[in-house]
Amino acid sequence: FWLQPVPSGPRLHFTSGGEGLRSARRKLRGLGDPTRRNSPTRRAAGWGSSLEDSENRNSSTQSLDIHPLSDRQRTSCGPDASCTSHAFVLIRCPREKPPPSRRTPRCSEPQPPEQRPPPPGREAAPLRRCHTRVSGSAPRSRWRSDAPAAQPPAPPAPPGIVRPGPGRARTPGMASEEASLRALESLMTEFFHSCTTNERKREIEELLNNFAQQIGAWRYCLYFLSNTGNEYVMMYSLTVFENLINKMWMGVPSQDKMEIRSCLPKLLLSEHKAMPYFIRNKLCKVIVDIGRQDWPMFYHDFFTNTLQLIQSPAMAPLGLILLKTTSEELACPREDLSVARKEELRKLLLEQVPTVLSLITGILETIWDKHSVTAATPPPSPTSGESGELLSNLLQGPYYSKLLSQPIPVLDEESQQLCTLALDCLAHLFSWIPLSASITPSLLATIFHFARFGCDLRGGGKGKPAPCITNTSVNGSTQLPGGGLDRARLGVLAMTCVNELMSKNCVPLDFEQYLLRMFQQTFFLLQKLTRENNAHTVKSRLEALDESYVEKFTDFLRLFVSVHLRRIESNAQFPVVEFLALLFKYTFHQPTHEGYFSCLDIWTIFLDYLTTKIKSRLADRDSVLNRYKDALVLLLREVLNRIQFRYNQAQLEELDDETLDDDQQTEWQRYLRQSLEVVAKVMELLPSHAFSTLFPVLQDNLDVYLGLQQFIVTTGTGRRLNITAENDCRRLHCALRDLSSLLQAVGRLAEYFIGDVFAARFNDALTVVERLVEVTCYGSQISLYDLETAVPSVLKPDLIDVHAQSLAALQAYSHWLAQFYSEVHRQNQTRFVTLITSAMDATAPLISAKVPEKLLLSACHLMVSIATTVRPVFLVTVPAVQNVFNLITDSSARRLPPEAQVLVCRALSNMLLLPWPNLPESEQQWHTRSTNHGNLLAALTRHYRQLRGSANLQQQQRRLGPEDMKAVLHQTLRILWDIVDSISGESTKARQVCYQSLQESVQVSLALFPVFIHQPDVTDEMLTFFLTLFQGLRVQMGVPFTEQIIQTFLNMFTREQLAESILQEGSAGCRVVEKFLKILQVVVQEPGQAFKPFLPSIISLCMEQVYPIVAERSSPDVKAELFELLYQVLHHNWRYFFKSSVLASVQRGVSEEPMENEAQFIATMQAFGQSFLQPDIHIFKQNLSYLEALNSKHKLYHKKLFRTTMLFHFINVLLQVLVHKSHDLLQDEIALAVYNMASVDFDSFYSAFLPEFLNSCQGVDANQRTVLGRNFKMERDLPSFTQSVHRLVNDLRYYRLCNGSLPPGTVKL
C-alpha cells in the first residue's frame, strides 16, 4: 500500500453523528461485563450497517490505502501536536497482486508454511503478533521478525498462525498489513483523544464503518487481533466479526466460515491470559454467536469443546465464561433467529443440562472438599465453634447438622475466582432451566455451603457490596484492591442461585422434597445470621455483612413467603412458628431503613396470606389464629415501638421529613405508613389484642399533652409555654411526635369498628371517639397553636401537628358516627348529640384565616365529613355551625385561603341539601332548606352575579381591576362546581334544590362565556363548571336551556378558535378544548331523544374541525378526548348508523342490514385506523380497546361494511405495527385484536388475507414467503393463533435482517 495524495471524487457519507461516537466510546471503554445482554460492549457496533458499493462487491478481499490528510481536511487540536501526528484517511482501492512466491496462512489447515495453498480467489497477508498494550499513539512490538539477532527469541505462534521466520524476506503484503495496522492504531488513538473535534471523529467513524462492511474485512481484523496490543483496535476488530456473524453470515462462503470457526477459538485459547478481560469476554461472545448460527450442523464440536475446557483444570475458568455466554445467548436469543432455530437451540441446551450441572457440581465440590481438609482445625476466630444448637426439627438427622456446621474453609484466590465463575454461570442457568431431577441434592447442598460465605464476618469490609466478577481476569493478572476476591461475593452468588430456583412458581410434585430441603438449609443460615454471641449482637453482625448478601437473603424470604409458604406450611417437618421467630429477629435488627421496609413487606404478604386463609376456612379459624397469635402480638408491639421516639429516637431522627419522593410522601411518612399498614392488618386478625396494646400507649402520651395547660403563662407579649430546659423540650418534642403517630394509628383502625362488628366493639370505639373529641376541644380551647415556646421552630410545628392529627383521627370515625346515629335515632340520642356538638365546638373556632393552614384544612375536612357522612338533623342549629354560616356569608369578613373556602362552602351546602338519614320524605323540610340554600348561594355569588351585562362588566373591571375580577371569577366558579359535584349522585330533590339556587349563576356564566373566550384560563374554569352541571344536573336544567348551552358552545368554537386553542401546546387552551369535548361526551351519552338532533353537528365538529388539526400532531393533547367522544357517539348511538332491530336482523340476515350515515361512519373508522400509525402508545392502547369494546357490544367486526372494506386493512396495520416493534408493550393486546378480527371469517383470513399480506411484504423472497405461510398453523383457538402471529412476526423480521445484509447476486437456498 502506497502513500499518495487523497484522490478527488465522492466522499463516503457519515450517518451516525454523535451517537456513533458515544456508542464507540461505550464499546471500547470496557465498562461492565461485555457478555451481558445490555452491556455497552455487548451491543452491536456503531460502525454502520450499509453495504459496500456494488462495483467493489466482486472483490472478495479489499485492502486499505493510507493517505495523509490535506491541509483542508486536517483537524487542528491546538498546541497538543500528538493528536495530529497520525492524520490518515482510509480509502478503498483494488488489491495489487502479490508476488507468486507469497503463501497465505490458513488457520483451518495445519500444514507447514511452504505447503499451504492460498484460498481460492483470495490472497491475504501473513499475520504477525504484537501483544504489547499501547497507551498513546502506536504500540511497541514485543518481538519482530526483522529485529536484530540480539533480540530475545519470539515465543511460539498461536496454532494456525505463521510468523515470518528470521530468514524470510518481508513481502509487500506483509508490509501493507502492518502499515494498515499502524494506521488503524493511530486513527483509534486520535479518535479517543480529547483534542479531536467532532468533525474529525465523524470522518474516522465513517471510514471504520465502511471498512467493516467490506467483504473479506475479517481477514484484516484477524491480523489486527493477532498483532496489536491496542485495546481499541481489538474491540473494533471483534465488532467487525460480530457484525459479520450476526448480520452477514448467510452470505459468507463456507470455506471462510470454516476458517473463522477454526481461527477464533485458537486465538482465544492461546491469548486469553494476555487479553484484557473485556476483550476476552467479547471474543467469547463472538465465538458463541457462531455457535448460535451453526451448532450442531456445521459447528458440531462447539458445545463439546466448551465442556472439555471446563473439565481441564487450567482452562476451567475460560470454559465457564464460554458456558455462561452460551446460556445468555442461546437460551433466550434475540430476534435475529427464526422461531424454529430458537426452539431447536433450547431443546439442544436442555439435553446438555444434566451434563453441565454435573460438571459445575464437581468443580464446586472438589474445591470445597480440598480446602475443607485444611480447615479442619481452624484458627481462633469469631467463626470457630459455629456448630451451636440448631433449631429443633428444622434439620432432620445428624447429617445436615454436621454438614452445615463445618467451619468455612479459606480458599486461595484462584479457587475463589473459579467458584465465583461457576456460581455466576449456575445462577444464569437456573434462570431458564425447569425444576427437575437434574438439580440434585448434592448440588443444592454445595450451593448452600457457599451461601455460608456471606455469613462469614471475615470476608470484606463493613457493608461494602461485593465486587463484580467482570473486574478481574481469570488468570489473576488483574488484582483487586486489598488482594483477591471478596469472600462475600461467593455468598451473594450462591443466594442468587437459590433465589432463581425459589422464583419458579410451577413446582413438580417430585421436586417438593427438594424445596423442603432448600428451606431447611436456608433457615439454618437465617438462624446463624440472627444468633447473638459475646462477639456480636444481631444488628452488628448484619451491619458487618455485605449489603448485597443481606438484600439477597431478604429476597429469598420474600419469595418463600409469597410463593411457597402455602406449600410448606402444612408440612410437619417445617416449623412455621419457629421460622417466624427468626424472621422477627431478622426484621427488627436490620441495619438500614430500606432493609426494614423490605422486611415489613414480607410481614404484609404473610398477614394477607393468613387473612385469606382464615376467611376461606371459617370452621377452624380459632385454631389457625391461636397457632400464630403470639407471633402477631409480638409483631404488633415491636412495630408500635419502632414508630415511637421513646424507643427508637436514633433511627427515627435520621428519617427525612422534607423531601418528597415520587409518591409525594417523605421518607418519614413512608416509614409511618408502612408500619401502620402492618398494625392495621394485625388489628383485622386480632382486634381485641391490638386495641388493648395500642390504646394504653395512646393514653400515656395524651396525658402529657393534656397536662400542658398547667405550664401556660400569660406575659405582656401574649401566652407562653413555660417549658424551657433543653432536656424537657427534647422530651416534650419526642412525646408530641409519638402522640401524632399514635393518633394516625388510631385513625387507621377506624374501619375495624364498623359494619357487622359495630355492636361487638362498640364500647372500645366509643372510648376512642370520646377521647378524640376531648383532645380536639382541649386544643381549640387553649389554642396551643398560638403559644410562644422556647424552641419555636420545633415545638410549635409539633403542637400544630398533634392538633391537626386529632381532628383527622376523629374524621376517620365519621362512618362509625353515622352508624351510631342510625342505631340510636329512635332512642335516647343525648350521647350522640353531645359528641357532635362538642366536635363542632372544637372545629368552628379553627375556621379562620388566622389559623395555620394545616390546622385549618383539618378542621374543614372534619366539618365536611360530618355534614356529608353523618348528616345529623340538628347540625344546622348548632351554635358553632351558625357562626361559620355568618362568617362565610359576611362579605366584609376576611376571606379564607381558596382551598379552605371551597371546603367550608361544600360542608354548609351539604348540610342543607343532603337528605337526612332515617327520616321519611315528608319530614325532610325541603321548603325551609331550599330557602336557606338559596340565601347561602346568593351571598356566595353576590359579586359574580354583578358582572352580568357589558355595562356592569366594564364597571366592575374599573372598580376591581382585571386581576381582582379574574380572582372573583375563579373563586366563585370553583365553589359552584365543587357544590354541584358533591351532590351529583344524590337524590332528585337535592339536585332540584341545588339547581334552583344556582340558576341565576348558570345564566350569568353562559352570558360571560363569549366575553372571555380568548382568555383560556377563565374559559377553562367556566367549562369545568358547565361540565359538572351536565354530569350532575342536566335533567334539572331541562332540554331547552341545555340546547341553548350546547348551541352557544358550538357557535363559539369555530375552526379558527379551536386552532388557536389547540396549537398552544400544553397550555390552558388545550384544556379548554378537552373540557368542551367532555361536555359533548355527556351529551351523546344521554339515552333519550332530546339531544339526538345534535349528533350530526357533533360528528361534523369532530371530523371536520378538530380532527384535521390534531391528526398529524405528535402531541397527545386533545386526541384522547376526541377519540373518546367518537367512541361514545358510536357506542351510545349505534342505531344512528345501523337502524335495524334484532328481529329484522334475524329475518333478513346480517348481510342485508341497512346502513345510514355511512360517510360519517367510514370517516370515524378511518380516524381510528390512522391513529394506529401514530407513535403515541397511550392513544394506540385507548383506541384499540375502544374497537374491541364496540365489537364486544355491537359486533362491529361482523358488520358488512366493516367486514368487506375495512377488516383486512385493520389487520394489516396491526401486523405491521408488530413487525416494526413500534408498540411492543402492547403486543398481547394487538395479537388479541388480530384474532378477534380474523375470527369473523377464518376461511377468508387464511385463504385471502394471509397470502396477500405475505406477497406485499418487502425484503423476503418467494421461498421465504412460502415458509412463513406454511408455519402459520391454520388453528382457530386463541393460544395457537397468537403463537402463530408472533412466529410470523419474528421470522419475517429475521428474514429481512438476513436478506438485507447479503451481497447482490447471492443465491439463497
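Our structure's up above, just so we're on the same page.
In this report, we go over the structure that sits alongside the text. Remember, predicted model here, so these are calculated numbers, not experimental data.

A count of helical and extended segments in the protein chain gives 51 helices and four strands. Counting all 1309 residues of the protein chain, 56% fall into the buried class. A separation threshold of at least 6 residues defines the contact pool for the protein chain, and within that pool the share at least 24 residues apart is 76%. A total accessible area of about 55,400 Å² is found for the protein chain, and carbon and sulfur atoms account for 52% of it.

This brings us to the pattern of salt bridges. Considering all chains together, one arrives at 42 salt bridges under this definition. Close ionic contact of glutamate 190 with arginine 200 constitutes a salt bridge, the shortest N to O distance being 2.8 Å. Here glutamate 190 is found in helix H2 (residues 172-191), whereas its partner arginine 200 is found in helix H3 (residues 198-212), with ten residues between them in sequence. Between glutamate 726 and arginine 730 there is a salt bridge, and its shortest N-O distance comes to 3.1 Å. Within this pair, glutamate 726 and its partner arginine 730 are both found in helix H24 (residues 726-748), separated by four residues, close to a single helical turn. In this structure arginine 730 comes out as partly exposed when scored by relative accessible area, which is 42%. One network of salt bridges, with partners in common, ties together Glu242, Lys282, Lys285, Asp289 and Arg292.

As a further point, take the packing of H24 against helix H26 (residues 792-812). Between H24 and H26, the shortest axis-to-axis distance is 9 Å and the interhelical angle comes to 15 degrees. It follows from the interaxial angle that H24 and H26 lie roughly parallel. At the point where H24 passes H26, the crossing takes the left-handed sense. Where H24 abuts H26, its residues Cys729, Leu732, His733, Leu736, Arg737, Leu739, Ser740, Leu743, Gln744 and Gly747 lie against Val794, Leu795, Asp798, Leu799, Asp801, Val802, Gln805, Ser806, Ala809 and Ala812. A class-by-class count of the residues in the contact of H24 with H26 yields eleven nonpolar, six polar and three charged.

It is worth spelling out the pairing of strand E3 (residues 712-715) at this point. Bridge count for E3 against strand E4 (residues 718-721) is four bridges, and the pairing is antiparallel. Bridge pairing in E4 links isoleucine 712 to leucine 721. Counting the residues that bridge the hairpin from E3 to E4 gives two residues.

For the rest of this paragraph, the subject is helix H25 (residues 762-782). Between its terminal C-alpha atoms H25 stretches 30 Å, which fits the 30 Å expected from 21 residues at 1.5 Å a residue. Of all the 21 residues making up H25, 15 are buried; the element is thus mostly covered by neighbouring parts of the structure. A positive phi of about 45 degrees marks serine 783, the residue just after H25.

Packing of helix H31 (residues 898-913) against helix H32 (residues 926-940) leaves a shortest axis separation of 8 Å and a crossing angle of 160 degrees. Our classification of the angle between H31 and H32 gives roughly antiparallel. In the packing of H31 onto H32, the handedness of the crossing is left-handed. Taken together, the residues of H32 that come into contact with H31 (itself represented by Cys905, Leu908, Ser909, Met911, Leu912 and Leu913) are Trp926, Arg929, Asn932, His933, Leu936 and Leu940.

Moving on, we come to unusual backbone geometry. Between tryptophan 295 and proline 296 the backbone carries a cis peptide bond, its omega angle lying at 0 degrees. Tracing the chain through its elements places proline 296 in the loop between helix H7 (277-294) and helix H8 (302-311). In this structure, serine 783 is a non-glycine residue whose phi angle is positive, near 45 degrees. Topologically, serine 783 is positioned in the loop between H25 and H26. Phi is positive for asparagine 1157, which is not a glycine, with a value near 50 degrees. With respect to the element layout, asparagine 1157 can be found in the loop between helix H43 (1142-1148) and helix H44 (1158-1171).

Time to look at helix H40 (residues 1068-1085). Residues spaced three or four apart along an α-helix point in a common direction, a consequence of the helix completing one turn every 3.6 residues. Look at H40: 26 Å from first C-alpha to last across 18 residues, which is about the 26 Å you get at 1.5 Å a residue. Burial within H40 is extensive, with 14 of its 18 residues counted as buried.

So, on to the nonpolar core. Residues Tyr705 and Trp816 are the most contacted members of the largest nonpolar core, which totals 406 residues. For this core, the element with the most residues is helix H10 (residues 339-374), which contributes twelve residues. Look past the residues within four positions of tryptophan 816 in its chain and what remains in contact with it is Phe753, Ile754, Phe758, Phe762, Ala765, Leu766 and Val769.

Tracing the chain through its elements places alanine 422 in helix H12 (residues 413-430). Residue alanine 422 is classed as buried on the basis of its relative accessible area of 0%. Between the C-alpha atoms of alanine 422 and leucine 357, which are 65 residues apart in sequence, the distance is 10.0 Å. If sequence neighbours within four positions are ignored, alanine 422 has contacts with Leu320, Ile360 and Leu364.

As a further point, take the packing of aromatic side chains. Taken as a whole, this structure holds 76 aromatic pairs when the rule is applied. Through successive ring pairs, a cluster of aromatic residues spans Phe1208, Tyr1235, Phe1242, Phe1245, Tyr1246, Phe1249, Phe1253, Phe1272 and Phe1281. Positioned above the aromatic ring of tryptophan 668 is the side chain of arginine 737, whose terminal nitrogen or guanidinium carbon lies 4.9 Å from the ring centre. The cationic tip of arginine 929 hangs over the ring face of tryptophan 926; the distance from NZ or CZ to the ring centre is 4.5 Å.

With respect to the helices and strands, the residue serine 814 is situated in helix H27 (residues 814-824). When residues no more than four places from it in sequence are discounted, the contact partners of serine 814 are Ser865, Thr869 and Val870.

Assignment of secondary structure puts threonine 496 in helix H14 (residues 487-502). In this structure, threonine 496 is in contact with Ala427 and Lys552, ignoring residues within four places of it in sequence.

What counts as what
Every chain is numbered independently, its residues counted from 1 as its sequence is written. Side-chain atom pairs in this predicted model are given and counted only at pLDDT of 80 or more, local residue features only at pLDDT of at least 70, and totals for whole chains, interfaces and linings cover all residues. Side-chain metrics rest on all non-hydrogen atoms present in the structure, leaving aside hydrogens and water. Runs of E in the DSSP output that reach at least two residues are strands. Runs of H or I that reach at least four are helices, and both are numbered from the N terminus. Per-residue accessibility, obtained with a 1.4 Å probe over protein chains only, is compared with the maximum for each type, and a residue is labelled buried under 20%, exposed over 50%, and partly exposed between these values. We call two residues contacting when some pair of their heavy atoms lies within 4.5 Å. Only the protein chains shown count as covering a residue, and every accessible area follows the Shrake-Rupley method with a 1.4 Å probe. Salt bridge, as used here: a side-chain nitrogen of Lys or Arg that lies within 4 Å of a carboxyl oxygen of Asp or Glu. Only the stretch in contact is used when a helix axis is fitted, and all axes are lines through C-alpha atoms; the angle between N-to-C directions ranges over 0 to 180 degrees. In what follows, roughly perpendicular refers to angles from 65 to 115 degrees, roughly parallel to angles under 35, roughly antiparallel to angles over 145, and oblique to any angle outside these ranges. Left-handed describes a crossing whose near helix is turned anticlockwise from the far helix by less than a right angle; the clockwise case is right-handed. When residues are grouped by polarity, Ala, Val, Leu, Ile, Met, Phe, Trp, Tyr, Cys and Pro land in nonpolar, Asp, Glu, Lys and Arg in charged, and all others, Gly among them, in polar. Any two strands with at least two DSSP bridges between them are considered paired. One less than the number of residues in a helix, times 1.5 Å, gives the span that helix is expected to have. Nine residue types can take part in a nonpolar core, namely buried Ala, Val, Leu, Ile, Met, Phe, Trp, Tyr and Cys, and a core is a set of them joined through side-chain atoms within 4.5 Å. Pairing of aromatic side chains requires ring centres within 6.5 Å, counting the rings of Phe and Tyr and the six-membered ring of Trp. Pairs whose planes differ by under 30 degrees are stacked, by over 60 edge-to-face, and all others tilted. Here, a charge over a ring means that NZ of Lys or CZ of Arg falls within 6 Å of the ring centre while also lying within 35 degrees of the ring normal.

Everything listed here is a matter of geometry and, on its own, says nothing about what the molecule does.
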